[in-house]
Amino acid sequence: MTKTHHRHPTRNRPVRRLVGTGLLLVSAWVASAQAAQVNVLCSMNPEWCRSAAAVYERLHGVSVSVINKPTGESYAQIVAEKERPRVDVWFGGTADPHFQAAEQGLLAEYKSPQLSQLYPWAQDAAKASGYKTVGLYSEVLGIAYNTEILAKKKLAAPKCWKDLANPAYRGEVQMANAQSSGTSYVAIATFVQIMGEEAAFKFMQAMNANVSAYSRQGLGPIKAVAKGESALSVSFLHNAAQEAELKYPVAYVVPCEGTGYSVGAMSLIKGGPHPEEAKKFFEWALSPSGQRVAATSRSYQFPSNRNTPLPEGAPNVKGAKFINYDLAKYGASAERRRLIARWEKEILNAPR
């Protein structure tokens with residue numbers, strides 16, 4: 001290049017400028033491509049997490065990095081990284097830990113333009129959190145059971161929550177661990193709202209004698225029922241419907257006393273590394289286009305956007321009695337910590 005420059009100085013100057021400009025353009029393009037990334041912490045069915053990432057990457061040309069963790073563990077990661085967040089979007093999981101993170105200033109306030117298209121329960125979650133989270137889907141809590149195990153052991157199918165404390169079911173029940181699972185905390189809060197706190201803990205103490213394991217994730221108990229490792233589980237019913245669709249001997253019931261439900265939430269992490277890309281992913285996930293991905297990955301929660309078709313595999317909850325789940329009270333961090341601490345002391349760590 002040096003020899004050429006000395007031989008043709010006037011001819012090479014504009015060429016050098018053009019090359020320099022080209023390099024700047026290429027550098028800008030590379031920087032833009034590198035910036036087109038979003039980091040997602042996903043607290044849902046791993047298949048849904050992977051499918052959402054793949055579809056979004058294909059549609060928008062954005063690299064999606066996904067980490068799949070239970071809701072409680074996701075919350076713990078966000079707390080641990082608060083000084084230097086690595087996550088942009090917290091995608092799914094029960095709303096209570098999202099509320100807790102919002103209270104601690106870990107989530108970014110964001111009012112989606114699509115709010116008016118969402119069902120009231122999804123909008124209520126946004127309002128109650130100061131627009132630091134939003135309802136993405138809802139899921140109904142109930143009892144799942146293995147029909148073959150019950151028939152083999154000549155056990156009646158459960159109809160009510162109180163049945164889970166029946167001594168006939170000794171060693172036959174599984175539930176998730178509230179230390180790590182949002183599903184389990186929703187169950188505890190549901191029992192408290194249906195029965196009153198003291199009666200709820202007496203019930204859980206009686207049920208504890210029948211529980212063979214408290215799994216790390218909310219999916220653990222229904223997987224155990226499907227595989228014949230347990231007869232009964234406290235589970236979200238869309239997970240039971242999913243296992244039944246796969247031809248496992250799984251049935252489910254909405255308990256006679258009534259039941260609670262969870263609002264699955266989505267939040268933007270305050271100070272996340274890719275804030276603009278995070279908002280774009282957030283909006284896509286709230287849209288019918290984004291929410292349809294759930295059904296294609298056999299995730300049968302009830303979507304929050306009114307214009308999203310209900311998945312064909314969604315559980316049948318016709319005639320079910322639902323409580324007016326107090327999301328503001330039971331989503332508050334102090335109440336959540338208090339109930340989980342009591343559960344750990346009186347249930348999880350109690351001698352059997």
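Quick notes on the rules
Residues numbered from 1 in each chain as written. Predicted model: local features only at pLDDT ≥ 70, side-chain atom pairs only at ≥ 80, totals over all residues. Heavy atoms only, no water. Buried < 20%, exposed > 50% of the residue type's maximum accessible area, 1.4 Å probe, protein only. Helix = DSSP H or I, 4+ residues; strand = E, 2+ residues; numbered from the N terminus. Contact = heavy atoms within 4.5 Å. Pairing = 2+ DSSP bridges. Core = buried A, V, L, I, M, F, W, Y, C linked by side-chain atoms within 4.5 Å. 1 Å grid on protein atoms, 1.4 Å probe; cavity = no way out; pocket = protein on both sides within 12 Å on 5 of 7 lines; lining within 4 Å. Points joined across faces, edges and corners; volume = space filled by probe spheres on them. Nonpolar A, V, L, I, M, F, W, Y, C, P; charged D, E, K, R; others polar. Axes fitted to C-alpha atoms, helices over the stretch in contact; angles between N-to-C directions. Parallel < 35°, antiparallel > 145°, perpendicular 65-115°, else oblique.

(A) Representation of helix 13 (residues 288-296). Where helix 13 is concerned, the buried positions are P288, G290, Q291, V293 and A294. In this structure, the buried residues of helix 13 make contact with helix 3 (46-60), strand 4 (134-146), helix 12 (275-286) and strand 10 (302-303). Of the residues one or two after helix 13, R298 is the one with positive phi, at around 60°.

(B) Quick look at the pairing of strand 4. Most of strand 4 is tucked away, with 13 of its 13 residues classed as buried. Of the strand pairs in this sheet, strand 4 and strand 9 (residues 261-268) are connected by six bridges, and their pairing is antiparallel. Across the sheet, residue V134 finds its bridge partner in strand 9, namely M266. The sheet contact formed by strand 4 and strand 10 spans two bridges and is antiparallel. Directly across from S138, in strand 10, lies its bridge partner F302. Alignment of strand 4 against strand 7 (residues 232-236), held across five bridges, turns out to be antiparallel. Looking at the pairing, I143 lines up with V234 of strand 7. By the bridge criterion, four bridges tie strand 4 to strand 8 (residues 250-253) in an arrangement that is antiparallel. If you follow I143 over to strand 8, its bridge partner there is V253.

(C) Representation of the nonpolar core within the structure. One finds W161, L164, F191, M204, L232, Y325 and W343 to be the most contacted residues of the largest nonpolar core, which totals 45 residues. With seven residues, the top contributor of residues to this core is helix 8 (residues 182-195). Beyond its immediate chain neighbours, meaning those up to four positions away, M204 contacts I188, F191, W343 and I347. Core analysis: the second largest hydrophobic core is formed by 33 residues, C49, A53, Y56 and L115 among them.

(D) Representation of empty space enclosed by the protein in the model. Within the structure shown, the criterion is met by two cavities of 30 Å³ or more. Of the pockets and cavities examined, the largest cavity occupies roughly 300 Å³. Along the walls of the largest cavity sit 23 residues, with S43, M44, N45, T183 and L219 positioned nearest its centre. Elements with a contribution of two residues or more to the lining of the largest cavity: strand 3 (89-94), strand 4, helix 8 and helix 11 (237-245). Among the elements that line the lining of the largest cavity, the one with the most residues is helix 11, at three residues. Residue composition of the lining of the largest cavity, by class: five nonpolar, 16 polar and two charged. Together, Y110, K111, S112, L115, A126, Y131, T133, V134 and F282 line the second largest cavity. Along the lines of polarity and charge, the residues of the lining of the second largest cavity split into six nonpolar, two polar and one charged.

(E) Summary view of the pairing of strand 5 (residues 173-176). What you see with strand 5 is no split at all: V173 and M175 on one side and Q174 and A176 on the other are buried throughout. Pairing between strand 5 and strand 6 (residues 211-215): four bridges, direction parallel. Its bridge partner lying in strand 6, V173 is registered against V211. The sheet contact formed by strand 5 and strand 7 spans two bridges and is parallel.

(F) Looking closely at the packing of helix 8 against helix 15 (residues 333-348). In the contact formed by helix 8 and helix 15, the axes pass within 11 Å of each other and the chain directions differ by 90°. Relative to helix 15, the element helix 8 is oriented roughly perpendicular. The residues of helix 15 that touch helix 8, namely those facing Y185, I188 and V192, are E335, R336, L339, I340 and W343. Looking at the contact of helix 8 with helix 15 residue by residue, the class counts come to six nonpolar, no polar and two charged.

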